[in-house]
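Observations on the model geometry
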Amino acid sequence: MAQIGRERNPIAPLQSFIQKMDLIVSCSCSSTISSPFWPKSTPLQSPFFPSSSNPSATSSRRPKWALVRTKSELQTAVGVNGVPAAAPPIAVPTHKVTVHDRQRGVVHEFVVPEDQYILHTAEAQDITLPFACRHGCCTSCAVRVKSGQLRQPEALGISAELKDKGYALLCVGFPSSDLEVETQDEDEVYWLQFGRYFARGPIERDDYALELAMADE
């Protein structure tokens, strides 16, 4: 019978593997490759190891998964010991507040930030102003605005009608501009707000009813 094919060499795959390993070692040790697959004196072209004759090979042949640094990453501010620097604080506008204290006959001038209560800021500067509740629920710190503007969303001690007439409470008031105010008599403001409920005159005292109430105790 005619021989159909040559006998296979059992060690041929091993020889082929050794040849490939020799080729890899020669690539890592020299920038030129002697191989039947590349002509002699051909520089090794690789996206990972650019040759001196083509320094832009890395950027032009970068793989898709290669790490790319963005400008924002390179421009991050760094503080002491490598800790990222904190953003600079935003300056809060301040305004000059002038308070005419009628009861004491003095005039106070001081500066208040827009995000601080007028009364609290005055006390921090050793300025004495009338007050009672500190929560905007009474009229002890009531003033009348002569010029300027303020915000008082928590002023429950005065009605919206009095606010429209220029009355304000210093304990819960924030200045929105340079401000000039004048203190008021607490009873006067109270009467302006609730006087209409007592329009019939003062309440008469009932001594007999008082004696009965005391006897029950």
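Summary of the structure given here. Only a predicted model underlies this, so the values are computations on that prediction, with no experimental measurement involved.

Here's the deal with the overall build of the protein chain
When its secondary structure is counted, the protein chain shows seven helices and seven strands. Traced from its N-terminal end to its C-terminal end, the protein chain shows the element sequence α-α-α-β-β-α-β-β-α-β-β-β-α-α. The buried share among the 217 residues of the protein chain stands at 23%. Considering only intrachain contacts with a sequence separation of at least 6, the fraction spanning at least 24 residues in the protein chain is 49%. When the accessible surface of the protein chain is split by element, carbon and sulfur atoms take 57% of a total near 16,500 Å².

So, the sheet that holds strand β1 (residues 94–101)
Pairing within the open sheet is mixed, and its five strands lie in the order β2-β1-β7-β3-β5. Of all strands in the sheet, those bounded by a partner on one side alone are β2 (106–113) and β5 (167–169). Averaged over all pairs of adjacent strands, the angle between strand axes in this sheet comes to 35°, irrespective of strand direction. Note that β1 and strand β7 (residues 179–183) share four bridges and pair parallel. Bridging from a neighbouring strand, T98 pairs with E180 of β7.

With respect to the nonpolar core
With 25 residues, the main nonpolar core has V97, F110, I118, L129, I158, L169 and L170 as its most contacted residues. Those elements that provide at least two residues to this core are β1, β2, α4 (118–124), β3 (142–147), β5 and β7. Once you skip the residues sitting within four places of it in the chain, V97 turns out to touch H108, E109, F110, V112, I118, P175 and L179.

Focus on the packing of aromatic side chains
Enumeration over the complete set of coordinates arrives at one aromatic pair. When the centroid spacing of 4.7 Å and the interplanar angle of 35° are considered together, the rings of Y117 and F174 count as tilted. Note that Y117 is positioned in the loop between β2 and α4 and F174 in strand β6 (residues 174–175), a separation of 57 residues in sequence. Stacked on the ring of F131, the Lys or Arg R134 has its end atom at 4.2 Å from the ring centre.

Some remarks on the pairing of β3
Pairing between β3 and β5: three bridges, direction antiparallel. Across the sheet, R144 pairs through a bridge with Y167, a residue of β5. Here β3 pairs with β7 via four bridges, running antiparallel. Note that in β7 the partner of V145 across the bridge is V181.

The rules behind the values
- Residues numbered from 1 in each chain as written.
- Predicted model: local features only at pLDDT ≥ 70, side-chain atom pairs only at ≥ 80, totals over all residues.
- Heavy atoms only, no water.
- Helix = DSSP H or I, 4+ residues; strand = E, 2+ residues; numbered from the N terminus.
- Buried < 20%, exposed > 50% of the residue type's maximum accessible area, 1.4 Å probe, protein only.
- Contact = heavy atoms within 4.5 Å.
- Areas by Shrake-Rupley, 256 points an atom, 1.4 Å probe, with all protein chains shown as cover.
- Pairing = 2+ DSSP bridges.
- Axes fitted to C-alpha atoms, helices over the stretch in contact; angles between N-to-C directions.
- Core = buried A, V, L, I, M, F, W, Y, C linked by side-chain atoms within 4.5 Å.
- Phe/Tyr/Trp six-rings, centres within 6.5 Å; stacked < 30°, edge-to-face > 60°.
- Lys NZ or Arg CZ within 6 Å of the ring centre and 35° of its normal.

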